[in-house]
Amino acid sequence: MTPISAATQSDRIPLRLYLFGSFRVERDTQTIHLPTRKVESLLAYLVLHPEPHAREKLAALLWGDSTDELARRSLRTALSSVRQSLGDDVVLADRETVQLNPDFSIWVDAREISDFRFQIADLGSSQSTIENLQSEIDLYRGDLLAEFYDDWILPERERLRAIYIDALLQLTQHRRAKSEYTRAIEFAQKILATDSANEKAYQHIIFCLVATGDRIGALKQYDECAKKLRDELGVEPSQETIALRNRIEQDLFGSKSREALLTNLPHPLTSFIGREKEISEVKHLLTQHRLVTLTGSGGCGKTRLAIEVAGELVESFRQGVWWVDLAPLSDASHVPQAIAQSLGVREAANQSLQETLVNVIRDKHLLLVLDNCEHLITACAGLADKLLSACIELKIFATSRESLGITGEVAWRVPSFAVPDVEQFPSLEQLMQYDVIQLFVQRAMAVVPQWRLNGNAPSVARMCARLDGIPLAIELAAVRVKVLSVEQIAARLDDRFNLLTMGSRAALARQQTLRATIDWSYDLLSDAERILLQRLSVFAGGWTLEAAESVCSDQYAVISERHSPAENWIPNTSILDLLSHLVNKSLVLAGEVNGETRYRMLETIRQYTREKLDASNQSVLVRNRHLEFFAKYVEEAEPKLRGREQMLWYRRLDAELDNIRAALQWAMDNSDVDTGLTLAGSWHWYCAFRGYAAEGRRWCERLLARGTSASKPAQAVAWKGYGLLAWMQGDHSRAELASEKSLALYRELGDKSNIGKLLFYCALPPAFNERWDKAKSLLEESLALRREIGDKWGMAHVYHQLAFHALAEEDYADANEMYAKALALFREVGDGHWVARTLSYLGMIARKQGDVEAAIAFLTESTTFLFEMRDKWSLCGSLEAGWAPLATLQGNPIRAARLFGAVEALRESIATPHLSKHRLGYDAQVASVRGQLDEATFVAAWNEGRAMSFEQTIEYALQIE
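Reading the values: the criteria
All residue numbers refer to positions counted from 1 along the written sequence of the respective chain. For this predicted model, a pLDDT threshold of at least 70 governs which residues receive local features, and a threshold of 80 or more governs which side-chain atom pairs are given and counted, while totals over whole chains, interfaces and linings are taken from all residues. For side-chain calculations, the full set of non-hydrogen atoms in the structure is used, while hydrogens and water are omitted. What counts as a helix is a DSSP run of H or I of at least four residues, what counts as a strand is a run of E of at least two, and both are numbered from the N terminus. Under the scheme applied here, a residue whose accessible area is under 20% of the maximum for its type counts as buried, over 50% as exposed, and between as partly exposed, the area being computed with a 1.4 Å probe on protein chains only. Should any heavy atoms of two residues lie within 4.5 Å, those residues are counted as being in contact. Residue-level accessible areas treat just the shown protein chains as cover; the underlying method is Shrake-Rupley with a 1.4 Å probe. Strand pairing is defined by DSSP finding a minimum of two bridges between the two strands. As a rule, the C-alpha atoms of each element are fitted with a line to give its axis, helices using only the stretch in contact, and angles between N-to-C directions run from 0 to 180 degrees. Exposure above 30% relative accessible area and the lack of any salt bridge qualify a residue for a patch; like charges then connect within 9 Å, and the nonpolar side chains Val, Leu, Ile, Met, Phe, Trp and Tyr within 5 Å. One side-chain nitrogen of Lys or Arg within 4 Å of one carboxyl oxygen of Asp or Glu is enough to make a salt bridge. Note that His is not counted, nor are the chain ends; the positive residues are Lys and Arg, and the negative ones are Asp and Glu. Charge positions are represented by NZ for Lys, CZ for Arg, CG for Asp and CD for Glu. Nonpolar core, defined: a set of buried Ala, Val, Leu, Ile, Met, Phe, Trp, Tyr and Cys residues in which side-chain atoms within 4.5 Å join the residues together. In this scheme, a helix's expected span is set at 1.5 Å multiplied by one less than its residue total. With respect to orientation, any angle under 35 degrees is reported as roughly parallel, any angle over 145 as roughly antiparallel, any angle of 65 to 115 as roughly perpendicular, and every other angle as oblique. In this scheme, a crossing is called left-handed if the near helix is turned counterclockwise away from the far one by less than a right angle; it is called right-handed if the turn is clockwise. Gly falls in the polar group here, along with every residue not listed as nonpolar (Ala, Val, Leu, Ile, Met, Phe, Trp, Tyr, Cys, Pro) or charged (Asp, Glu, Lys, Arg). Aromatic rings from Phe, Tyr and Trp, taking only the six-membered ring of Trp, are treated as a pair when their centres fall within 6.5 Å; an angle between ring planes under 30 degrees marks them as stacked, one over 60 as edge-to-face, and anything in between as tilted. Per-residue confidence from the prediction method is given by pLDDT, with values spanning 0 to 100.

Right, let's talk about the overall build of the chain for a bit. A count of helical and extended segments in the chain gives 47 helices and 15 strands. Counting over 961 residues, the chain shows a buried share of 55%. Put simply, of all contacts in the chain between residues at least 6 apart along the chain, 69% involve residues at least 24 apart. A total accessible area of about 41200 Å² is found for the chain, and carbon and sulfur atoms account for 49% of it.

Printed below as a string of structure tokens:
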């Protein structure tokens with residue numbers, strides 16, 4: 001986000017601040033990220049307590065474990081970050097006090113909750129008040145700042161929770177008094193979700209269940225209430241609650257309500273693992289809706305989840321819970337017979353079986369569970385619609401790889417198990433908290449009782465992640481521990497369909513192997529859906545609708561020589577509908593990233609469909625389209641990386657990183673060097689500032705080695721990218737040679753814009769190797785050409801480089817003048833990234849001139865933005881030439897040593913060493929710090945810095961002392 005400076009409040013869109021659950025700030029649906037947790041905590045405190053606060057009070061409240069001076073400085077830094085992120089007028093501050101600006105337009109969810117007490121008093125007077133209060137209750141998405149641990153938050157959290165629960169109790173009573181029992185139960189359940197041992201909520205639920213005739217359910221709620229009170233509070237239910245239970249039992253005994261226990265649910269032989277949250281959510285849906293369908297890909301555990309949910313609901317249905325297994329059926333006309341058989345219903349004379357089912361079920365309160373509907377979807381949908389319309393107490397619970405698609409249905413996708421982050425590997429104890437790990441461990445021990453999770457834990461975690469957390473795949477993999485180590489199983493997952501083939505002989509054929517499971521879904525697709533699914537497998541890491549339309553449609557070519565276009569043709573206009581069908585059938589997943597919908601396949605599905613694509617005669621054509629699309633995409637994105645939308649476009653390229661890599665590899669493997677060179681050269685700025693300099697350079701190098709006969713434009717852009725990235729890595733001789741080659745090609749092509757850029761690139765190596773006359777000549781020529789064509793961004797770069805030379809010569813007046821010119825132009829064109837880099841250098845100048853306050857201000861604004869950009873290369877410079885020397889200037893050599901150690905590790909991680917001209921100065925700085933400490937202290941601080949993560953490093957740098 002570009003820092004806000006001169007805009008007035010009236011020019012801005014009001015902010016929305018969410019404090020319940022996770023902290024979030026939004027402007028116009030766009031999330032604004034504050035740099036540290038402490039900055040977020042400060043903002044939250046100010047909005048919840050808008051009165052003036054003494055600076056000493058705030059400093060002690062949030063940084064009480066620091067010295068007074070450090071706490072005050074940290075407060076100043078945090079206030080600066082709030083202003084930079086949200087606007088200069090968000091807070092009012094003087095030398096003594098700080099407060100939220102009362103005129104600053106900001107909506108806060110916690111303020112809405114705080115107003116509940118005033119609305120509750122009016123419950124009986126206004127229907128609109130009730131509706132408003134009910135909608136505001138939904139704002140409570142969890143406890144206040146649930147992930148924060150500052151001391152001031154706990155009493156505020158308890159206060160708001162009490163208001164929320166009191167409001168819900170009042171609403172529950174209001175609905176109960178109006179005989180709206182279902183709504184009353186819903187509000188009471190919300191109370192229990194926050195306060196699981198709230199006896200008043202249980203009393204409401206028990207009463208409402210009795211009022212609706214569900215005495216078994218009411219007694220079950222009493223038992224749950226008693227258990228919660230004993231387990232959590234160590235008390236027994238009150239006499240009032242016990243008396244309510246006794247009355248229910250007196251009414252119940254002797255009645256026929258025991259038939260509610262009737263069920264034919266199957267009893268699986270293996271234990272059920274986890275899914276507590278999913279069970280709770282689905283049960284809640286079934287209390288609110290008459291048709292709930294569990295959807296999801298094959299092997300995700302729909303049937304097992306349905307059995308568990310239905311089993312917990314048996315006592316809730318007076319006439320039972322009835323299981324109908326549709327998997328063995330192949331004829332849609334047999335669906336009514338399967339249901340009738342499960343219910344023990346016989347055909348009647350002069351009546352269709354559907355009519356008989358309606359007559360039998362009409363007045364019965366029962367749950368019908370239809371398992372595996374996908375291959376009989378039309379018949380299941382029609383019959384479910386007819387039964388639900390005629391039988392008002394009937395509920396249907398279905399499982400299917402796609403929804404039934406009828407009015408009133410709620411489709412709930414069963415997710416795969418969550419998998420551990422294999423990049424940040426958790427401890428063994430933390431690992432065992434994952435359901436997917438527990439599943440593998442239990443199934444592995446079932447086949448090899450002595451098997452244990454120990455040193456093999458990393459391999460188990462990686463294997464579960466690569467299998468997408470799909471329960472069936474995990475179980476099939478666990479069977480293999482009989483003959484293979486976990487490490488061997490993980491190593492063979494590229495051939496997973498031949499590896500995972502040892503399912504239970506008692507299972508359905510399509511559940512005995514991973515391939516058979518996916519075959520079942522694939523065979524149910526239409527021809528067009530199969531063709532699209534195959535083509536979509538070319539994408540790595542997901543895709544957008546635009547990409548699918550370009551790569552997978554046939555507006556340009558007939559894809560098969562053996563078939564007519566009508567058989568294989570997928571027009572551009574059909575992609576959205578077909579893609580929607582694949583999402584509905586659980587073969588493609590959809591989600592929002594950076595404000596746009598992205599699609600992806602589970603890797604297991606992708607491997608399967610990639611095999612199908614490779615076996616077809618379409619593979620080369622689709623991969624070529626994929627390469628051409630992303631070459632054009634990156635080429636068009638490149639200029640947008642230096643404008644006002646740069647943050648969005650960096651994130652879009654982040655999302656497409658795997659696709660870009662796949663496209664480059666295809667270009668290498670299939671000799672489409674021209675397109676590959678264009679792609680490799682066009683993303684050099686992205687690679688430079690995202691920490692991929694070494695990778696970007698390798699792609700250019702490999703493709704240039706194969707592209708000696710490539711077109712001049714393609715070679716020119718690749719040499720351009722190679723030259724900049726080589727310079728970043730300190731390889732000045734190759735950088736200069738590459739830039740000169742690119743310049744010569746662009747001169748032949750007459751491309752003034754790129755000639756101006758390459759003159760600048762060519763100036764970089766001599767400027768850093770004391771050949772200033774050559775560098776200055778090239779920069780002046782570049783500046784003149786860029787003025788001629790009106791390239792303000794290019795002019796700013798030249799000024800920036802001239803300023804850098806003046807800074808190296810310690811001509812601070814000239815450096816400040818040149819940086820000011822560069823800064824003005826970068827602001828004009830909207831390049832917040834280069835604004836931040838320029839501010840970083842201004843901070844270095846201020847530090848060299850001893851102006852600590854100015855240096856801190858410049859560096860804080862710069863570092864905050866560069867951190868949000870994830871520009872590790874630029875941040876290396878800010879840390880080693882800004883923050884670390886500043887710590888030395890402030891007399892804190894231990895802090896300086898930590899920062900130097902951290903930046904050394906950061907440079908290693910992105911493979912960009914110090915530029916040779918800077919190395920001597922850097923080494924001198926480190927030596928100075930080492931000389932101020934004994935060796936053991938220096939080494940300890942240095943190693944502490946090296947051990948910091950990227951995020952910890954930046955947060956530490958911003959904790960100004």
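A word on the sheet that holds strand S7 (residues 106-108). Strand order in this open sheet of four strands is S3-S2-S1-S7, and the pairing throughout is mixed. Whereas interior strands pair on both sides, the edge strands pair on one side only; in this sheet they are strand S3 (30-32) and S7. The sheet shows a mean angle of 30° between the axes of neighbouring strands, direction not considered. As judged from the four bridges shared by strand S1 (residues 15-18) and strand S2 (residues 24-27), these two strands associate in the antiparallel manner. Note that in S2 the partner of Tyr-18 across the bridge is Arg-24.

To continue, consider a negative patch on the surface. Together, Glu-56, Asp-68, Asp-94 and Glu-96 give the surface a local cluster of negative charge. Overall, the relative accessible area of 46% leaves Glu-56 in the partly exposed class.

The next thing to look at is the nonpolar core. One finds Phe-440, Trp-451, Leu-536 and Trp-543 to be the most contacted residues of the largest nonpolar core, which totals 187 residues. For this core, the leading source of residues is helix H35 (residues 712-728), giving 11 residues. Counting 71 residues, the second-largest nonpolar core is a separate cluster that includes Phe-20, Phe-23, Leu-100 and Trp-152.

Turning our attention to helix H16 (residues 377-390). Relative to the 20 Å expected for 14 residues at 1.5 Å per residue, H16 spans 20 Å between its end C-alpha atoms, a close match to the ideal helical length. All of the buried residues in H16 are Ile-377, Cys-380, Ala-381, Leu-383, Ala-384, Leu-387 and Leu-388. Where H16 is buried, its residues touch strand S8 (291-295), helix H14 (335-343), helix H15 (353-361), strand S10 (367-371) and strand S11 (395-399).

Moving on to the sheet that holds strand S6 (residues 97-100). If you trace the three strands from one edge of the open sheet to the other, you get S4-S6-S5, paired in antiparallel fashion. In the strand order of this sheet, the two ends are held by strand S4 (53-54) and strand S5 (91-93), each with one partner.

We now examine the environment of Lys-364. With respect to the helices, strands and loops of the structure, Lys-364 is situated in the loop between H15 and S10. Along the backbone, Lys-364 and Ile-392 are 28 residues apart, and their C-alpha atoms lie at a distance of 8.4 Å. Apart from the residues within four sequence positions on either side, Lys-364 is in contact with Gln-319, Glu-393 and Leu-394.

Close contact between helix H38 (residues 772-789) and helix H39 (residues 792-808) brings their axes to 9 Å; oriented N to C, the two are set at 155°. With respect to H39, the axis of H38 lies roughly antiparallel. The hand of the H38/H39 crossing is left-handed. Residues Trp-772, Leu-779, Ser-782, Leu-783, Arg-786 and Arg-787 of H38 touch H39, and the partners they reach there are Gly-794, Met-795, His-797, Val-798, Tyr-799, Gln-801, Leu-802 and His-805. Grouping the constituent residues of the contact of H38 with H39 by class yields seven nonpolar, five polar and two charged.

Under the defined criterion, the tally for this structure stands at 45 salt bridges. The salt bridge involving Asp-231 is made with Lys-227; its shortest N-O contact spans 2.7 Å. Of this pair, Asp-231 and Lys-227 both sit in helix H10 (residues 215-233), four residues apart, roughly one helical turn. A residue is classified by how much of its surface remains accessible, and Asp-231, at 54% relative accessible area, is exposed. Here Arg-530 ties to Asp-527 by a salt bridge, and the two come within 3.9 Å at their closest N and O atoms. A residue pair is termed a helical-turn pair when its members lie 3 or 4 positions apart in one helix, as Arg-530 and Asp-527 do in helix H24 (residues 527-536) at three residues. Residue class for Arg-530 comes out partly exposed when judged on its relative accessible area of 24%. Given a relative accessible area of 53%, Asp-527 falls into the exposed group.

Going through the model one piece at a time under the given rule, you end up with 30 aromatic pairs. Judged by centre distance (4.7 Å) and plane angle (40°), the ring pair of Phe-20 and Tyr-140 falls under tilted. Placement of Phe-20 in the loop between S1 and S2 and of Tyr-140 in the loop between helix H6 (127-137) and helix H7 (153-177) is noted, with a sequence separation of 120 residues between them. Here Phe-20 matches Tyr-140 in class, with each residue buried.

Here S1 hands over to S2 after five residues, with Gly-21 in that stretch at a positive phi of 75°. The pairing of S2 with S3 spans three bridges and is antiparallel. Within S3, the position partnered with Glu-26 by the bridge is Thr-31.

Time to look at the packing of H39 against helix H40 (residues 812-829). Relative orientation of the contacting elements H39 and H40 amounts to 160°, with a least axis distance of 8 Å. What the angle tells us is that H39 and H40 run roughly antiparallel. Judged by the twist between their axes, the crossing of H39 over H40 is left-handed. On H40, the residues that touch Lys-792, Trp-793, Met-795, Ala-796, His-797, Tyr-799, His-800, Leu-802, Ala-803, Phe-804, Ala-806 and Leu-807 of H39 are Tyr-812, Asp-814, Ala-815, Met-818, Tyr-819, Lys-821, Ala-822, Leu-825, Phe-826, Glu-828 and Val-829.

Along the chain, the position of Asp-150 falls in the loop between H6 and H7. On the basis of relative accessibility, which here comes to 15%, the residue Asp-150 falls in the buried class. Ignoring any residue separated from it by four or fewer positions in sequence, one finds Asp-150 in contact with Lys-38, Ser-41 and Leu-62.

Here Ser-459 lies in helix H19 (residues 457-466). In this view, Ser-459 contacts Val-486, Glu-487 and Ala-490; residues no more than four positions away in its chain are not counted.

It is worth spelling out helix H36 (residues 732-749) at this point. Between its first and last C-alpha atoms H36 spans 25 Å; for 18 residues at 1.5 Å apiece the expected length is 26 Å, and the two agree. Looking at H36, one finds that the buried residues are His-732, Ala-735, Glu-736, Ala-738, Ser-739, Ser-742, Leu-743, Leu-745 and Tyr-746.

In this section: the confidence of the model for the chain. Here the chain averages 83 in pLDDT, while 88% of its residues score no lower than 70. Scored below 50 in pLDDT, residues 1-11 shows 24 contacts in the model against residues more than four places distant or in partner chains. For the stretch residues 556-566, pLDDT sits under 50, and the model shows 16 contacts to residues farther than four places along the chain or on other chains.

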